[in-house]
Amino acid sequence: MRISQKRIANFLRKLTGIRGMSQDEKILFARSLAATPDERWRLHENFLRSLNLFTRSGRKACGFK
């Protein structure tokens with residue numbers, strides 16, 4: 001599954017008028033808006049894996065319950 005670049009560009013164009021967000025933040029926000037629920041879940045899991053927080057033992061080692 002890949003997030004459609006056309007949908008990301010469409011959301012990014014809509015976010016250009018927002019003040020107080022950097023361009024990088026707008027790109028990340030547009031990417032999350034363009035994603036389907038399954039794609040958002042996959043992005044979340046990949047983020048947790050990148051921080052070594054995907055497993056319960058990894059979260060516990062970092063001080064999470």
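I will try to describe carefully the structure that is included in this document.

Cut-offs and rules
- Residues numbered from 1 in each chain as written.
- Predicted model: local features only at pLDDT ≥ 70, side-chain atom pairs only at ≥ 80, totals over all residues.
- Heavy atoms only, no water.
- Helix = DSSP H or I, 4+ residues; strand = E, 2+ residues; numbered from the N terminus.
- Rg over C-alpha atoms; globule rule 2.2 N^0.38 Å.
- Buried < 20%, exposed > 50% of the residue type's maximum accessible area, 1.4 Å probe, protein only.
- Contact = heavy atoms within 4.5 Å.
- Areas by Shrake-Rupley, 256 points an atom, 1.4 Å probe, with all protein chains shown as cover.
- Expected span 1.5 Å × (residues − 1).
- Arc of directions from axis to C-beta.
- Axes fitted to C-alpha atoms, helices over the stretch in contact; angles between N-to-C directions.
- Parallel < 35°, antiparallel > 145°, perpendicular 65-115°, else oblique.
- Left-handed = near helix turned anticlockwise from the far one by under 90°.
- Nonpolar A, V, L, I, M, F, W, Y, C, P; charged D, E, K, R; others polar.
- Lys, Arg positive; Asp, Glu negative; His and termini not counted.
- Salt bridge = Lys/Arg side-chain N within 4 Å of Asp/Glu carboxyl O.

Details of the overall build of the chain
- Looking only at helices and strands, the chain features four helices and zero strands.
- Counting from the amino terminus, helix and strand elements in the chain follow one another as α-α-α-α.
- At 15 Å, the chain has a C-alpha radius of gyration far larger than the 11 Å of a compact globule built from 65 residues.
- With the C-alpha coordinates aligned to their principal axes, the bounding extent of the chain is approximately 40 × 30 × 15 Å.
- A buried classification covers 18% of the 65 residues belonging to the chain.
- Sequence-distant contacts, at least 24 apart, represent 32% of the contacts inside the chain between residues at least 6 apart.
- Only carbon and sulfur atoms are counted for the fraction: they give 57% of the accessible area of the chain, which is about 5,400 Å².

Structural notes on helix H2 (residues 23-34)
- Spanning 12 residues, H2 covers 16 Å between terminal C-alpha atoms, matching the ideal 16 Å at 1.5 Å per step.
- Every buried residue of H2 is listed here: Lys 26, Ala 30 and Ala 34. Summarising the axial view, the buried residues of H2 lie within an arc of 60 degrees, below the 170-degree limit, and thus occupy one face. In H2, the exposed residues that point more than 90 degrees away from the buried face are Asp 24 and Leu 28.

Examining the packing of helix H1 (residues 5-14) against H2
- Between H1 and H2, the least distance of the axes is 8 Å, while the angle of their chain directions is 125 degrees. Put simply, H1 runs oblique to H2. You can see that H1 and H2 cross each other, and the crossing is right-handed. Residues Arg 7, Ile 8, Phe 11 and Leu 12 of H1 form the contact with H2, whose own contacting residues are Gln 23, Lys 26, Ile 27, Ala 30, Arg 31, Leu 33 and Ala 34.
- When the residues that make up the contact of H1 with H2 are grouped by side-chain class, the tally is seven nonpolar, one polar and three charged.

Examining the side chain of Lys 26
- With respect to the helices and strands, Lys 26 occurs in helix H2.
- With no salt bridge to any partner, buried Lys 26 finds its closest opposite charge in Glu 25, at an N-O distance of 8.3 Å.
- With sequence-adjacent residues up to four places away left out, Lys 26 is seen in contact with Leu 12, Leu 15, Thr 16, Ile 18 and Met 21.

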